[in-house]
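Architecture at a glance
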Amino acid sequence: MPELPEVETTRRGIETHLINATIKEIIVRNPRLRWPIPVDLSELAANQVILSIRRRAKYLLIELANGTILIHLGMSGSLRVLTEAYPAEKHDHVDLVLSNGTRLRYRDPRRFGAWLWLTGNPLLHPHLASLGPEPLGEQFSPAYLASKLVNKHTAIKQLIMDNHIVVGVGNIYASESLFRARIDPQRSGHSLDSSDISNLVEQIKLTLSEAIAAGGSTLRDYVDSDGKAGYFMINSYVYGRTGQACRICSTPINTIRQGQRATFYCPQCQH
DNA sequence: GTTATTTCCTGTTGGC
DNA sequence: TGCCAACAGGAAATAA
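What you see is a predicted model; the values in this text were computed from it and never measured.

1. Here's the deal with the UniProt feature "binding site: DNA" (unreviewed entry) in chain A
- In the numbering used here, UniProt assigns the feature "binding site: DNA" (unreviewed entry) to His91, Arg110 and Lys152. Their sequence span is 62 residues, while the largest C-alpha to C-alpha distance among them is 41.5 Å; these annotated residues do not converge on one region.
- Overall, His91 belongs to the partly exposed group, its relative accessible area being 27%.
- Ignoring sequence-local partners within four residues, the contact set of His91 consists of Tyr106, Arg107, Asp108 and Pro109.
- Residue placement: Lys152 occurs in the loop between helix H4 (142-149) and helix H5 (156-160).
- Contact partners of Lys152, with chain neighbours within four places excluded, come to Leu159, Ser188, Gly189 and His190.

Following this line, the structure appears as structure tokens:
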């Protein structure tokens, strides 16, 4: 399931193939994603030069002179670059075709993703305007997080997954970061002291940075790959390790549900 | 304003 | 072997 590191790795992987290229057409085989793909997407984008490929939270932004294509991978989406003909398979819903024949192919079995057309400043679009800061940016600091935790009785796990507070921390990295910071995911936001908060901010940044670095080395090939492009997983401390021994203290890892989501933690290490 | 719940979708897994 | 329920999950939409 693509989290921020996967999206950033994807951005880097496709950027070199798309930047400054001209779009010939966009072939939509199935428009039924999270929202319908605009019927006129292809004619809007045709003959436009790709100026940049940026990322905001888990959204990818393909910027053209007359607008922006916004892509979200949902939870099962992936993008590949094809430099030669390759038959589309069942869940290959979209091809963005360049004038040189190269294709950006979108696959998404669960169709939780999105392809939308934005005009004007994409960062002001309703989907992006109310998002919190990027976790790897300077704006996401201990002082900032502390300001967001005042009077918050919600569990810290759910707070760091709230896009209004900080973006890009999904279910996997929320559990991992809290383990690495030795913080019990069930603690309420306001119960964290400044030391906890500094530690948590640092571990979120480190965990995500390491995953991006790992993704760059393990998934460098986004060209003509055989369909597995997109996902990778860090060697987790707690995620998915229910009942297995904690890598630090050997206590069995525990699972609970918070807000309909699985949370994994070590009851011995995390307080 | 804040917080909790529901919804979107389908491939995979486990129980019977 | 087949059937079916449960599960996974980001984030918008809706409810409380």
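That was the structure; now back to the text.
2. Here's the deal with the pattern of salt bridges
- Within the structure shown, the criterion is met by 16 salt bridges.
- Here Arg12 ties to Glu8 by a salt bridge, and the two come within 2.8 Å at their closest N and O atoms. Taken together, the positions of Arg12 and Glu8, both in helix H1 (residues 4-18) and four residues apart, correspond to about one turn of that helix.
- Here the salt bridges share partners, and the residues they tie into one network are Glu8, Arg11, Arg12, Glu15, Arg55, Arg56 and Glu134.

3. Details of the protein's contact with DNA strand C
- Not every one of the 18 residues close to DNA strand C is listed here, only the nearest: Arg34, Tyr59, Met75, Asn163 and Tyr239.
- Backbone atoms, meaning sugar plus phosphate, form 56% of the atoms of DNA strand C positioned within 4 Å of the protein.
- Here a phosphate oxygen of DNA strand C and a side-chain polar atom of His72 are 3.0 Å apart.
- Arg110 places a side-chain nitrogen or oxygen 3.1 Å from a base nitrogen of DNA strand C.

4. Brief notes about the protein's contact with DNA strand B
- Near DNA strand B the following residues occur: Arg34, Lys90, His91, Pro109, Arg110, Arg111, Phe112, Lys152, Thr154 and Gln260.
- Per the 4 Å cut-off to the protein, sugar and phosphate atoms form 61% of the nearby atoms of DNA strand B.
- In this structure, His91 approaches DNA strand B through a side-chain N or O atom, which is 2.8 Å from a phosphate oxygen.
- Contact between DNA strand B and Lys152: a phosphate oxygen at 2.5 Å from a side-chain N or O atom of the residue.
- Looking at the surface near DNA strand B residue by residue, the class counts come to two nonpolar, three polar and five charged.

5. Structural notes on the UniProt feature "domain: Formamidopyrimidine-DNA glycosylase catalytic" (unreviewed entry) in chain A
- The UniProt record marks residues 2-113 with the feature "domain: Formamidopyrimidine-DNA glycosylase catalytic" (unreviewed entry), using the residue numbering of this structure.
- Spanning residues 2-113, this segment combines 18% helix with 36% strand, and its end C-alpha atoms are found 11 Å apart.

6. Some details on the pairing of strand E5 (residues 78-82)
- With five of five residues buried, E5 is to be regarded as a mostly interior element.
- Across the two faces of E5 the burial is the same, with Ser78, Arg80 and Leu82 and Leu79 and Val81 all buried.
- Both E5 and strand E7 (residues 103-107) contribute to a ladder of five bridges, which runs antiparallel. Within E7, the position partnered with Val81 by the bridge is Leu104.

7. Let's talk about the sheet that holds E5
- Spatially, E1-E6-E7-E5 is the arrangement adopted by the four strands of the open sheet, whose pairing is antiparallel. Both outer strands of the open sheet, strand E1 (23-28) and E5, are each paired with one neighbouring strand and no more. Across the sheet, the axes of successive neighbouring strands diverge by a mean angle of 15°, strand direction being ignored.
- The pairing of strand E6 (residues 92-98) with E7 spans five bridges and is antiparallel. In the sheet register, Val94 faces E7, and the bridge partner there is Tyr106.
- Of the strands in this sheet, E5, E6 and E7 are in contact with H1, which crosses E5 at around 30°.

Conventions used here
- Residues numbered from 1 in each chain as written.
- Chains lettered and ligands numbered in written order.
- Predicted model: local features only at pLDDT ≥ 70, side-chain atom pairs only at ≥ 80, totals over all residues.
- Heavy atoms only, no water.
- UniProt positions renumbered as here; feature names shortened; annotations may be inferred.
- Buried < 20%, exposed > 50% of the residue type's maximum accessible area, 1.4 Å probe, protein only.
- Contact = heavy atoms within 4.5 Å.
- Helix = DSSP H or I, 4+ residues; strand = E, 2+ residues; numbered from the N terminus.
- Salt bridge = Lys/Arg side-chain N within 4 Å of Asp/Glu carboxyl O.
- Near = heavy atom within 4 Å.
- Polar contact = N/O pair within 3.5 Å; in protein donor to acceptor, adjacent residues only side chain to side chain.
- Nonpolar A, V, L, I, M, F, W, Y, C, P; charged D, E, K, R; others polar.
- Pairing = 2+ DSSP bridges.
- Axes fitted to C-alpha atoms, helices over the stretch in contact; angles between N-to-C directions.

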